[in-house]
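Listed below, chain by chain, are the residues.
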Amino acid sequence: MSEAQVVIIGGGVMGVSLLYHLAKEGWQDVVLVEKNDLTHGSTWHAAGLCTHFAHNATIQELRATSVRLYRDILPGETGQDVGFHRSGAMRITRNRDRMDELAHVAGLSKFTGYELELVTPDQIKDLFPLANTDGLIGGIFEPDDGHVDPSLATNAMAQVAVQGGATIKRYNPVLSISRENRLWRVECANGAIRTRHLVNAAGTWGWEVGRMMGLNIPSVPILHQYLVTDTVPEVADRIAAGSAELPIIRDPEESWYVRQERDGLILGPYEKEAQPWSIDGVPPEFGADLLPPDLDRVEHIIEAAMVRIPALGNGGVKTVVNGPITFTPDANPLIGPAAGLQNAWLLTGSSMGVMEGGGAGWFLARWMTHGAPPMDALAVDSRRFGRWADRDYQVEKATECFGLQFGVHYPHEERPAARNKRLSPLHNLMLERGAVMGEAHGWERPNWFSDRTGDVVMPGFRRPGWFARVAKEVDVVTNNVGLADLSVFSKFDVKGPETRAFLEGLGANAAPASGRIGLTHVLTPAGGVLSEFTVAMLAEDHAYLTSAAAAEEIDRDALAAHAAGYEVQITNLTEELGVIGVMGPKSRALLSQLTDANLGPDFPWLTAKEISVAGQSVRALRVSYLGELGWELHAPISQMVALFLALEAAGRDLGLGCYGAYAANSMRLEKGYRSWGSDLTSERTPQETGVGFLVKPEGRKFTGRDSMLERDARDDRWEMVLLDVQTNQTDPFYAHPVTVNGDVVGIVTSGAYGHRTGKALALAFLRKRSLRWGLSVEILGRGHPSNVLDTPPFDPMNMRLKS
């Protein structure tokens, strides 16, 4: 049996990229095993498209890093051309919502430094003379995009990695995986390897390798085909005339891409009705095989492409390529720790293998080396799906993502496939009261409440149709009392004689006193925010922790890792307890009808008690994310319906109503409260994010403490501010650049209209601290003057909260 520090399973572009970048980071004894030859999963997919276009800064960086690697770094290291063509790329549209989307992505790109250019139909014609621009209203041009030969790029990375000491074992399929004395044992056809770290980079085989690891990897092979033409006379004439290579062109409305391939063209259609393949396991004998063409499925897309680019019809079909690419339920790759397993990592599930592969390997290598990702990882973190994401869910969502590969990505978008996976016990009651549901980590939760059954509001980038309804929900909470189903929270019990010691070392804040509530941030080794917990100290040996729904797997791993060495027991209560928010100035009057507990001076803000409400035993937490007097009532799911109905009946004479997530978002921004996952991320320290008052480092040791203090002492640290954005009908949401005199100085992390204050509000990071004048937030290409609010615009002294 051989020994290794790292075993990477999979010799596609992502696995080899990790091998390459681990060698660059100085790792020794790294072994890659592959059942076939390298790039078997990507050689068939010779389109090799590379782009900077993405709706998320981290995804954009993965793609930009890939381009730099293929274009500059690998040729410099190996002296070999890896087939990168800097052709540029375009997306064209006749859809005004699409133009809003393109303007939004262009704004994000100004912040990330990969500026993209909005173009007119005339400019589209200049850039791609073979295109028919009838009906187009514009597009976006990506000047640094292009395409690469996946095989050349992958083998170049392999060459450099092997020169750096890495080992590649081709034609060595994995037979089984097990744990042995805290190490991983990988049984291969040519012998076993014992390793500390195991990485599943198996691509198309990622699900099968995951099963060997004890995981249900949310990755599904979907068939994609493209055709390569013979010589296209118009392309050949351009080559003869010395013209530049045509840019890649995508028409999202017709769902196709086209790029030049020598003197012909490649056309890649994405049909709306995707075809999953081998969802219960890829055949063992499958290698780099192609499947038979099935052009009937995409004939209508091919015809539409020929209308837009008539020259496509002049070349004839030389080759049709049909093979599987993997899709996750949200079409983003799976990168990072495998939930619940020690020293196990995922680097798989990318539908854009070569486009993201070079950067994905860099991202995971940095994470493995330094203990923290180099950027906010939430969009790619493999733990963003839980055990609830079963195979049916995976297939339905992956199929939906393929069909919407070129769909418009709206803010507040809720897609319909594979819903109702996790239901609160109040779900039906919420629907009866008009709830329009959204999804959060598999849970259904009310986003807003309609006064009409089945009310559906079309998505868009400008002020949404639910705006007035949310205003009414806010009014109920501000003047009367509102109920909310908050059962989606992640919930954990910590019990044992060392509970206080456990909490003292968990995060940046000290543990609260018994009976009190605190907020603590678990940090990465680099000092960024990994997790945010509300900590209710029910007793000296019993703490109750709640956190964001989407953080469940990440937080469970964080708690389990920290528990080693402490005499405590961690229990995940997420699906055992429900939560009702009772919020507003009349919340005390409502609850007083149903409990004998003293809700006055003996129950101050940030207090937790176990009390009886309507005959039901509940954990009552006096906290509010809305800035109003209120309580959260945490109770067993079997009691939730009776508890809600009792609260509702008692509140009828108090003007009671329900409120949803959109109203809560509006109100929390009026208080300047940060949200985990958007404002609080692993990229920035608590101090940078504006919650430094919750950091208590004196006399305490916790993960990331020294890195955080070092970063906070630097002059180049960032600063989060609350902005009053002067806009009308187009409210901020996220990822808008903040500028001063045209220079980009920051980025909006979250935003909404504040109905209590009449202000459009946004939280934003500024790269230069103390900027206060001349700020502008660019929303959909238009700048809006913005003022920094040094205090929250609603109840800055917390008088209502503490009343």
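In case you missed it, the structure is sitting above this.
A. Seen up close, the sheet that holds strand E16 (residues 317–327). Taken together, the eight strands give an open sheet; going across it, the order is E5-E6-E4-E13-E14-E15-E12-E16, and neighbouring strands pair in mixed fashion. Both edges of this open sheet fall to strand E5 (117–119) and E16, since each of them pairs with a single strand only. Between one strand axis and the next, the sheet turns by 20 degrees as a mean value, whatever way the strands run. Where strand E13 (residues 248–251) lies against strand E14 (residues 256–261), three bridges are found, and the strand directions are antiparallel.

B. Structural view of the pattern of salt bridges. Under the counting rule described, the total for this entry stands at 49 salt bridges. Between Arg-194 and Glu-3 there is a salt bridge; the shortest N-O distance is 2.7 Å. Here the residue Arg-194 occupies a position in strand E11 (residues 191–200), and Glu-3 occupies one in strand E1 (residues 2–9), the gap between them amounting to 191 residues. Using a relative accessible area of 23% as the deciding quantity, one classes Arg-194 as partly exposed.

C. How the structure looks around unusual backbone geometry. Even without being a glycine, Tyr-171 presents a positive backbone phi close to 50 degrees. By secondary structure assignment, the location of Tyr-171 is in the loop between strand E8 (167–169) and strand E9 (174–180). The residue Asn-343 is not glycine, and still its phi comes out positive at about 55 degrees. Tracing the sequence through the fold places Asn-343 in the loop between strand E17 (334–337) and strand E18 (344–348).

D. Looking closely at helix H2 (residues 57–78). Taking 1.5 Å of rise per residue, 22 residues should cover 32 Å, and H2 covers 30 Å from first to last C-alpha, within 8% of that figure. Of all the bends in H2, the largest measures some 45 degrees and sits at Leu-69. Positioned one or two residues after H2, Gly-79 has a phi angle of 70 degrees, which is positive.

E. Region of interest: the side chain of Arg-250. Tracing the chain through its elements places Arg-250 in strand E13. Those residues in contact with Arg-250 that sit more than four places away from it in its chain are Leu-49, Thr-51, Ala-89, Met-90, Arg-91, Ile-92, Glu-142, Trp-256, Tyr-257, Met-355 and Phe-406.

F. Structural context of helix H5 (residues 150–163). Its 14 residues give H5 an end-to-end C-alpha distance of 20 Å, which sits within 8% of 20 Å, the value for a rise of 1.5 Å per residue. Taken together, the buried positions of H5 are Pro-150, Ala-153, Thr-154, Ala-156, Met-157, Ala-158, Val-160 and Ala-161. Summarising the contacts, the buried residues of H5 are in contact with helix H1 (13–24), H2, E8 and helix H9 (353–370). Of the residues flanking the start of H5, the one acting as N-cap is Asp-149, its side-chain oxygen 2.9 Å from the backbone nitrogen of Ser-151. Where H5 terminates, the next one or two residues include Gly-165, which has phi positive at roughly 110 degrees.

Rules of the game
Residues numbered from 1 in each chain as written. Predicted model: local features only at pLDDT ≥ 70, side-chain atom pairs only at ≥ 80, totals over all residues. Heavy atoms only, no water. Pairing = 2+ DSSP bridges. Helix = DSSP H or I, 4+ residues; strand = E, 2+ residues; numbered from the N terminus. Axes fitted to C-alpha atoms, helices over the stretch in contact; angles between N-to-C directions. Salt bridge = Lys/Arg side-chain N within 4 Å of Asp/Glu carboxyl O. Buried < 20%, exposed > 50% of the residue type's maximum accessible area, 1.4 Å probe, protein only. Expected span 1.5 Å × (residues − 1). Bend = angle between axes of the 7 residues up to and from the residue. Contact = heavy atoms within 4.5 Å. Polar contact = N/O pair within 3.5 Å; in protein donor to acceptor, adjacent residues only side chain to side chain.

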